[in-house]
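What follows is each chain in one-letter form.
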Amino acid sequence: MREVVIIGGGAAGCFCAAEVSSLHPDWRVTVLEAGPRLMAKLAVTGGGRCNITNSFADVCGAPPCGPSVPSDRSATDLRRLSASALTTVYPRGATLLRQLLARFGQWDCTDWFGARGVAFTVQQDQCVFPVSQDAMQIVRTLERAMRDGGVKVLCGCKAEAIGPDLSLRISGSAVLRPDAIVLATGGGTARLLAGTGIELVPDVPSLFTLKIAEEGLRSLMGTVVENVALGLAGTRFHATGTLLLTDWGVSGPATLRLSSYAARHLAECGWKGTLLVNWLNATEASVRERLAEMSGSGRTVANSHPAELSDRLWKYLAGRAGIAPERRWAELGSKGLSRLVNVLISDSYEICGRARFKEEFVTCGGVSLKEIHPDTLESRKIPGLYFAGEVLDVDAVTGGYNLQAAWSTAWTVAHSL
Ligand SMILES: Cc1cc2nc3c(=O)[nH]c(=O)nc-3n(C[C@H](O)[C@H](O)[C@H](O)COP(=O)(O)OP(=O)(O)OC[C@H]3O[C@@H](n4cnc5c(N)ncnc54)[C@H](O)[C@@H]3O)c2cc1C
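Thresholds applied
Residues numbered from 1 in each chain as written. Predicted model: local features only at pLDDT ≥ 70, side-chain atom pairs only at ≥ 80, totals over all residues. Helix = DSSP H or I, 4+ residues; strand = E, 2+ residues; numbered from the N terminus. Buried ≥ 20, exposed ≤ 12 C-beta atoms within 10 Å, placed from the backbone. Near = placed C-beta within 6 Å. Nonpolar A, V, L, I, M, F, W, Y, C, P; charged D, E, K, R; others polar. Domains from an automatic or database assignment. Contact = placed C-beta atoms within 7 Å. Axes fitted to C-alpha atoms, helices over the stretch in contact; angles between N-to-C directions. Left-handed = near helix turned anticlockwise from the far one by under 90°. Pairing = 2+ DSSP bridges. Core = buried A, V, L, I, M, F, W, Y, C linked by C-beta atoms within 7 Å. Expected span 1.5 Å × (residues − 1).

A.B. asks: What is the right way to read the overall build of the chain from this model?
C.D. replies: When helices and strands are counted, the chain shows 14 helices and 19 strands. Structurally, the chain occupies a C-alpha span of about 85 × 45 × 35 Å along its principal axes. For the chain, the residues scored as buried account for 45% of the 417 residues in total.

Shown next as structure tokens:
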């Protein structure tokens, strides 16, 4: 019999425990959880609905799936994906995830939970949720699978240190010596490995919104623009998508993606910098063409503008270009038009900090991927020590990709053990 200790009763730890115990009913599998109960974070994911994975249709360039899990999965087969395609959703860890997702991908996840009675729906934005819209259904399913497999759970039990000889010190100074340890303690917890010589990539937050100094922009809070392109001045970081203006600055999918791509750079700059906004996500030539059509209409600037931009936002942007909204298009002249084009395609705002996204953020950093065997997720330095979930230097943009990384890494560890 083998004895396996899984440290961390979150998504990755519990999934790994459930899978190992079903593969090896004769093994002794124990989950140590520092908190008072298992999967406290999983229970609040997706606003309590649990965005468990994503169809990956956007990443695969496939037609959108939905609303049910597709029976023909060839268009979203992750085995054909390149690591560079995956970088758009996994800014860190895409190469590793490419390998792991090929073995345990999005539909393997829905099949696993489906076999245990959970039905799923694919939203229009390709995020996958349980039909029950209840994260507790996922929590209860994992708890049941662990119970059925005879997994021993110790809550309120904190792992303090792991030794190079695979010894494990827990709260109360007891020392355990299992055959294998799975570290699944989540983001920001890798310091548990201090003293092992295992390289850790420093933790910084990812998935946050940006505080903007400019009051005029903040006064437009509640405004949504469907398709903008954001960038960070002086860098190659950029992201497209929906932008939401808030009373502190900018939020919405485009901002969260940018914060994820540039997480480390922004942390190094103290979350300061210059945000570049292309309000129409269009080239200069196409914006000039659209404005030229409007200028022939004989109407005022306020009365005729691109449909993507609300009246309030349009007047504000015209003001930034030094143009009074009541002026007629024909009166702007080439200089006025050029100023307006410039604001529309390369507007810029001072970033003065970061704010959390609805209490949700993910940690970028953790155990360096150089430290693990990519096939098994076992430590190169300490044989018998495995890693699953956010403790690894792997993280994703929003959309169910972070939990999918937890399932894929945990499944890989369970099968490597
Ligand atoms: C509010 C919120 C909403 C989210 N929503 C989504 C979503 O809808 N979809 C999505 O894909 N991602 C979402 N995420 C991200 C997702 O929850 C994480 O990526 C995922 O939980 C990581 O799983 P994990 O098991 O690696 O870590 P965790 O879920 O953080 O679990 C780690 C566990 O280890 C325990 N632990 C830590 N240190 C020790 C120790 N020394 N000893 C013993 N136990 C320890 C912790 O108490 C914790 O229970 C959300 C995150 C937040 C904060």
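A.B. asks: Just to check I follow, could you spell out the site of the ligand for this structure?
C.D. replies: Taken together, 36 residues surround the ligand, and among them G8, G10, G46, G186 and G389 come closest. Where the shell around the ligand is concerned, the elements lending two or more residues are α1 (11-23), β2 (28-33), α2 (45-48) and α14 (401-416). If you tally residues by element for the shell around the ligand, the top one is α14, at four residues. For the shell around the ligand, the residue count by class is 16 nonpolar, 14 polar and six charged.

A.B. asks: Hey, could you run me through the domain arrangement of the chain in this one?
C.D. replies: Reports often express the size of an interface as the amount of accessible area lost when the parts come together. Domain annotation of the chain identifies domain 1 (3-204 + 360-416) and domain 2 (209-359). If you average the C-alpha positions of domain 1 and of domain 2, the two centres end up 38 Å apart. If you look at the interface, domain 1 gives seven residues, while domain 2 gives 11 residues. Per-class residue counts for the side of domain 1 that touches domain 2 are five nonpolar, one polar and one charged.

A.B. asks: Honestly, the packing of α1 against α14 in this entry has me stumped. Any pointers?
C.D. replies: Two quantities define a packed helix pair, namely the angle between the axes and the distance from one axis to the other. Closest axis-to-axis distance for the α1/α14 pair is 8 Å, and the angle between their directions is 35 degrees. In the packing of α1 onto α14, the handedness of the crossing is right-handed. Taken together, the residues of α14 that come into contact with α1 (itself represented by A11, A12, F15, C16, E19, V20 and L23) are L403, A406, W407, T409, A410, W411, V413 and A414. Of the residues contributing to the contact of α1 with α14, the split by class is 13 nonpolar, one polar and one charged.

A.B. asks: Teacher, can you tell me more about the sheet that holds strand β3 (residues 53-54) here?
C.D. replies: Strands pair in a sheet through their backbones, by hydrogen bonds, and they do so in one of two ways: parallel or antiparallel. Ordered in space as β3-β5-β4, the three strands form an open sheet in which the pairing is antiparallel. The sheet is open, and its two edges are formed by β3 and β4 (120-122), each paired on a single side. The pairing of β4 with strand β5 (residues 127-130) spans three bridges and is antiparallel. Bridge pairing links V122 to V128 in β5.

A.B. asks: Is there a simple way to think about the environment of M221 in this case?
C.D. replies: Looking at the element boundaries, M221 is found in the loop between α8 (215-218) and β13 (224-232). A C-alpha to C-alpha distance of 56 Å links M221 and R177, two positions 44 residues apart in sequence. Not counting the four nearest positions on each side in its chain, M221 is found in contact with L245, T246 and D247.

A.B. asks: So what exactly am I meant to see when it comes to the sheet that holds strand β1 (residues 3-7) here?
C.D. replies: Taken in spatial order, the five strands make up an open sheet running β6-β2-β1-β10-β19, and their pairing is parallel. Whereas interior strands pair on both sides, the edge strands pair on one side only; in this sheet they are β6 (152-155) and β19 (385-387). Pairs of neighbouring strands in the sheet enclose a mean axial angle of 20 degrees, with direction left out of account. The sheet contact formed by β2 and β6 spans four bridges and is parallel. Paired with V31 across the two strands is V153, which belongs to β6.

A.B. asks: What is the right way to read the nonpolar core from this model?
C.D. replies: The nonpolar side chains of a soluble globular protein tend to be buried, and buried together. Core analysis: the largest hydrophobic core is formed by 87 residues, its most contacted members being C16, V182 and A410. If you look at the next biggest cluster of nonpolar residues, it comprises 38 residues, including L210, I212, V225 and L266.

A.B. asks: Sorry if this is basic, but what is going on with the pairing of strand β18 (residues 362-367) here?
C.D. replies: A regular strand carries its side chains on alternate faces of the sheet. Where burial is concerned, most of β18 is hidden: six out of the six residues are buried. The pairing of strand β11 (residues 200-206) with β18 spans five bridges and is antiparallel. If you follow V201 over to β18, its bridge partner there is G366.

A.B. asks: I would appreciate a short explanation of helix α13 (residues 333-346) in the present structure.
C.D. replies: If you check α13, its first and last C-alpha atoms are 20 Å apart, about what 14 residues at 1.5 Å a residue would give, namely 20 Å. Contact partners of the buried residues in α13: β16 (273-278), α11 (284-295), α12 (311-320) and β17 (347-356).

A.B. asks: Would you take a moment to explain α1 for this structure?
C.D. replies: Because an α-helix completes one turn every 3.6 residues, residues spaced three or four positions apart along the sequence face the same direction. Here α1 spans 18 Å end to end across 13 residues, near enough to the 18 Å set by a 1.5 Å rise per residue. Across the 13 residues that make up α1, a large majority, 11, are buried.

A.B. asks: Would you mind showing me how to read the environment of G114 here?
C.D. replies: Within the fold, G114 resides in helix α6 (residues 106-114). On the basis of neighbour counts, which here come to 13 C-beta atoms within 10 Å, the residue G114 falls in the partly exposed class. Spatially, the C-alpha atoms of G114 and L154 are 27 Å apart, while their sequence positions differ by 40 residues.

A.B. asks: Looking at this model, I keep getting lost on the pairing of β17. Mind explaining?
C.D. replies: In the sheet, strand β12 (residues 208-212) pairs with β17 via five bridges, with the strands oriented antiparallel. Bridging from a neighbouring strand, I212 pairs with I351 of β17. Two elements, β16 and β17, share five bridges in a ladder whose sense is antiparallel. Opposite L276, over in β17, you have S348 as the bridge partner.

A.B. asks: Help me understand the environment of R147, please; the structure alone is not making it clear to me.
C.D. replies: Secondary-structure assignment places R147 in helix α7 (residues 135-148). Expressed as a C-alpha distance, the spacing of R147 and R98, which sit 49 residues apart in the sequence, is 31 Å.

A.B. asks: What's the story with unusual backbone geometry in this structure? I'm lost.
C.D. replies: When glycine is set aside, most residues are seen to have a negative phi, and most peptide bonds are trans. Cis geometry marks the peptide bond from G66 to P67; its omega dihedral reads 0 degrees. With respect to the helices and strands, the residue P67 is situated in the loop between α3 (57-60) and α4 (83-87). Backbone geometry at C50 places phi at a positive 65 degrees, although glycine is not the residue there. Accessibility expressed as a C-beta count within 10 Å gives 26 for C50, which makes it buried. The phi angle at N281 is positive, at roughly 45 degrees, despite the residue not being glycine. As for its position among the elements, N281 is in the loop between β16 and α11.

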